[in-house]
Amino acid sequence: MLGALSLRLKSCISALRKRIGAAIRGGEPLWQDLSPEARRKMWPAARDLQEKHVRNCQLLVNRYVLLERMPKNAICAEIGILECDYSESIVRGTGPAQLHLIDIKPQWTKVARKRFKSEIAANQVCVHEGDSVAVISSMPDRYFDWVYIDGDHTYAGAKRDLDAVLPKVKEGGLIALNDYTFFGVSDFTKYGVMEAVHEFCITNDFEFLFLALQGRGYHDVILRRI
Ligand SMILES: C[S@@+](CC[C@H](N)C(=O)[O-])C[C@H]1O[C@@H](n2cnc3c(N)ncnc32)[C@H](O)[C@@H]1O
């Protein structure tokens, strides 16, 4: 009796929470409150790749092992640097001829300028503050050996970065993306990198060269032209 009452109370509270939440958001329900069917409709699956897109793909244990496979002494870029932890791994792990670090937020470019003072003085590291597409578009065509994309992880953000980077990598150059996932389990956020990557590979005839795993599903993928 008490159990049934408590269950009923819980379901009333949940219904009330959804209504209040929706009212606050102007009638928009939280995606958590939608049915699985409604969520599937709202977020269509990434397009299927073909055998040709994955036949040469090698699976790696993580993105640090990946750096052992990336070109050494290269001209490269990292889009989205945050505290520059991975930038540091790129510098130490691949010894780039020139690494361009790009971020839209002044707080992170400030970190980069502090952290890579000697590399900047030696012209090994260049720091760019601004929107990724604006910065990348200002570079010469076929300039980079590889670019690591880790900025805006929405579908639109990943797509515009991929499209901007495409003409800027050399023939045979590599495009890497962090957070190759459909949904972020840690930040409970919809990611669109998977959809953007599949569409990019299908449209531009690129294949997966490496897939580097990450323990919560925030994998890295490295692409090259077929
Ligand atoms: C996930 S963090 C990058 C993490 C870093 N690559 C690492 O592995 O440690 C994403 C970064 O992208 C930057 N960002 C987001 N949108 C951007 C844009 N349109 N242009 C440039 N940077 C952007 C954010 O300011 C943030 O620092």
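Scroll up to find the structure this text is about.
Please read all numbers here as calculations on a predicted model, not as lab measurements. (Residues numbered from 1 in each chain as written. Predicted model: local features only at pLDDT ≥ 70, side-chain atom pairs only at ≥ 80, totals over all residues.)

Peer 1: Explain the overall build of the chain to me, please; I cannot follow it from the model alone.
Peer 2: Helix and strand counts for the chain come out as 10 helices and 10 strands. Dimensions of the chain, computed from the C-alpha atoms along their principal axes, are close to 75 × 45 × 30 Å. By the burial criterion, 32% of the 226 residues in the chain qualify as buried. The long-range share in the chain, meaning contacts at least 24 apart out of those at least 6 apart in sequence, stands at 63%. (Helix = DSSP H or I, 4+ residues; strand = E, 2+ residues; numbered from the N terminus. Buried ≥ 20, exposed ≤ 12 C-beta atoms within 10 Å, placed from the backbone. Contact = placed C-beta atoms within 7 Å.)

Peer 1: Before we go on, may I ask you to explain the site of the ligand in this structure?
Peer 2: Near the ligand you find 18 residues, and of these Gly80, Tyr86, Ser132, Asp150 and Gly151 are the closest. Mapped by element, the contributors of at least two residues to the shell around the ligand are strand E2 (75–79), helix H5 (85–94) and strand E3 (98–103). Its residues placed into classes, the shell around the ligand shows seven nonpolar, four polar and seven charged. (Near = placed C-beta within 6 Å. Nonpolar A, V, L, I, M, F, W, Y, C, P; charged D, E, K, R; others polar.)

Peer 1: Help me understand unusual backbone geometry in this model?
Peer 2: Where the residue is not glycine, phi is negative for most of them; where a peptide bond is considered, it is trans in most cases. One non-glycine residue, Leu82, adopts positive backbone phi at about 50 degrees. Structurally, Leu82 can be placed in the loop between E2 and H5. For Leu82, a count of 16 C-beta atoms within 10 Å gives the class partly exposed. With phi around 60 degrees, Asp205 is a residue other than glycine that occupies positive phi space. Assignment of secondary structure puts Asp205 in the loop between helix H10 (193–204) and strand E9 (206–212). Overall, Asp205 belongs to the exposed group, with 11 C-beta atoms counted inside 10 Å.

Peer 1: Would you mind going over the nonpolar core with me for this structure?
Peer 2: Counting 46 residues, the largest nonpolar core has Val147, Ile149, Ile175, Ala176, Leu177 and Val197 as the members making the most contacts within it. Residue contacts for Ala176: discarding those within four places in its chain leaves Trp146, Val147, Tyr148, Ile149, Asp220 and Ile222. (Core = buried A, V, L, I, M, F, W, Y, C linked by C-beta atoms within 7 Å.)

Peer 1: Is there a simple way to think about the environment of Asn62 in this case?
Peer 2: With respect to the helices and strands, Asn62 occurs in the loop between strand E1 (58–60) and helix H4 (63–69). Taking the C-alpha atoms as reference, Asn62 lies 26 Å from Glu119; in sequence the two are 57 residues apart. Setting aside its immediate chain neighbours within four residues, Asn62 contacts Ala212, Leu213 and Gln214.

Peer 1: Sorry, what's going on with H10 here?
Peer 2: Because each turn of an α-helix spans 3.6 residues, side chains separated by three or four positions in sequence point in the same direction. Taking 1.5 Å per residue as the helical rise, H10 with its 12 residues ought to reach 16 Å, and the 16 Å between its terminal C-alpha atoms agrees with that figure. When H10 is considered as a whole, its buried residues turn out to be Val193, Met194, Ala196, Val197, Phe200 and Cys201. The buried residues of H10 occupy one face: seen down the axis, they fall within an arc of 165 degrees. Its buried side turned inward, H10 meets helix H3 (51–54), helix H9 (155–165), strand E6 (169–180), E9 and strand E10 (219–225). Looking one or two residues beyond H10, the residue adopting positive phi is Asp205, at roughly 60 degrees. (Expected span 1.5 Å × (residues − 1). Arc of directions from axis to C-beta.)

Peer 1: So what exactly am I meant to see when it comes to the pairing of E6 here?
Peer 2: Burial analysis of E6 places nine of its 12 residues in the buried class, which makes it a mostly covered element. Inspection of the sheet shows strand E5 (residues 144–149) paired to E6 by five bridges, in the parallel sense. Paired with Val147 across the two strands is Ile175, which belongs to E6. For the handedness criterion, the β-α-β arrangement of E5, H9 and E6 is classed as right-handed. By the bridge criterion, five bridges tie E6 to E10 in an arrangement that is antiparallel. Across the sheet, the residue bridging to Tyr180 is His219, located in E10. (Pairing = 2+ DSSP bridges. Right-handed = clockwise from strand over helix to strand, strands pointing away.)

Peer 1: It is not clear to me how H9 should be interpreted in this structure. Could you clarify?
Peer 2: Those residues of H9 that sit buried are Gly157, Ala158, Asp161, Leu162, Ala164 and Val165. In an axial view of H9, the angular spread of the buried residues amounts to 165 degrees, which keeps them on one side of the axis. Buried-residue contacts for H9 involve E2, helix H8 (132–137), E5, E6 and H10.

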